[in-house]
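# Chains, contacts and geometry: an overview
Listed below are the residues making up each chain.
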Amino acid sequence: MSSTAQDISREERDGYVGIPRHVAIIMDGNGRWARKRHLPRFAGHKAGVEAVREVVKSCGEKGVQILTLFAFSSENWRRPQKEVGLLMDLFLTALEHEIKKLHKNEVQLRIIGDTSAFPDKICKRIEQAETLTADNHQLVLNIAANYGGKWDITQAVQQLANKVQQGELTPEQINDQHIAAHLSMKDLPEPDLFIRTGGEQRISNFLIWQLAYTELYFTDVLWPDFDRNELEKALDSFASRQRRFGRTGEQVEQLKHA
Ligand code: IPE
Ligand code: IPE
Ligand code: MG
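In this report, we go over the structure that sits alongside the text. Computed from a predicted model, the values in this text were never measured in an experiment.

Thresholds applied
- Residues numbered from 1 in each chain as written.
- Chains lettered and ligands numbered in written order.
- Predicted model: local features only at pLDDT ≥ 70, side-chain atom pairs only at ≥ 80, totals over all residues.
- Heavy atoms only, no water.
- Core = buried A, V, L, I, M, F, W, Y, C linked by side-chain atoms within 4.5 Å.
- Buried < 20%, exposed > 50% of the residue type's maximum accessible area, 1.4 Å probe, protein only.
- Helix = DSSP H or I, 4+ residues; strand = E, 2+ residues; numbered from the N terminus.
- Contact = heavy atoms within 4.5 Å.
- Axes fitted to C-alpha atoms, helices over the stretch in contact; angles between N-to-C directions.
- Parallel < 35°, antiparallel > 145°, perpendicular 65-115°, else oblique.
- Left-handed = near helix turned anticlockwise from the far one by under 90°.

Core analysis: the largest hydrophobic core is formed by 40 residues, its most contacted members being Ile-25, Leu-67, Phe-91, Leu-109, Leu-141 and Ile-195. Top element by residues in this core is helix H4 (residues 81–104). It accounts for eight residues. Once you skip the residues sitting within four places of it in the chain, Ile-25 turns out to touch Val-55, Leu-67, Thr-68, Leu-69, Phe-70, Ile-195, Phe-206 and Trp-223. Core analysis: the second largest hydrophobic core is formed by 14 residues, Ile-26, Ile-112, Val-140 and Phe-206 among them.

Right under this line is the structure:
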């Protein structure tokens, strides 16, 4: 089967353009940042909020349309109870303090993950923040909280199983688009660029389905030190890559000019 300009999806075509539409980040290294300064781990998390502010602003200015940040994984409950409690407090405070400014800057805030595990106070704030910003279109900011890629796929499969049970779908009809249509970010294009700070080179149960064709970028910079300049380095790296989606490099060049 030969490739023509027609059978290339919009996602793929946009993916060839220099600025990623969707950037997803594992913000790692807060604890080590604090330890280097002989501070408690929590000081690193607090400093991490500053970095979030700067990166949200810079992404908006650069023309990134969607930013997804991993704030708390489904495995982070395994941390000492005190750290988990402090992280919850910080999440709540950040929601309360940042929401007005985000709204003013026309940022649409969404929380992805199993929020049913959070205290009522946080759930209420999340709902208020999402409702307030629902019609904003400058940047979609997804905060992944109690998120796990395996959880996301599992809940999608549960929804599909229900549809099969209701007779709306047969098992044979299920394809990858059905699964994608039931994931947390179903209405958004998949990430073009993935960034992980803090030196580890792993996915840690982040967006496992949605990263299938994402460009990966790892940096040793600890999250609180990740600033506009570091974001630019990641964007430059992205712009220098050729995304082939299974095709040959020559085909990609032809499609770009088709
Ligand atoms: C990432 O920083 C923030 C969260 C997971 C909440 P870490 O807290 O994992 O920092 P390190 O990896 O221990 O340095
Ligand atoms: C991943 O970081 C989760 C977040 C950044 C929220 P971790 O620090 O929890 O990842 P692992 O456990 O080192 O893989
Ligand atoms: Mg870590």
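This brings us to the packing of helix H3 (residues 41–62) against H4. Contact geometry for H3 and H4: axes closest at 11 Å, N-to-C directions at 25 degrees. Classed by the angle they form, the pair H3 and H4 counts as roughly parallel. Pair H3 / H4 crosses with right-handed handedness. When H3 is examined against H4, the residues Arg-41, Phe-42, His-45, Lys-46, Val-49, Arg-53 and Val-56 are found in contact with a partner set consisting of Glu-83, Leu-86, Leu-87, Leu-90, Glu-98, Lys-101 and Leu-102.

A separate point is the environment of Leu-69. Its location among the elements puts Leu-69 in strand E2 (residues 66–73). Judged by its relative accessible area of 0%, Leu-69 is buried. Leu-69 has contacts with Ile-25, Met-27, Val-52, Leu-141, Asn-142, Ile-143 and Ala-144, leaving out every residue within four places of it along the chain.

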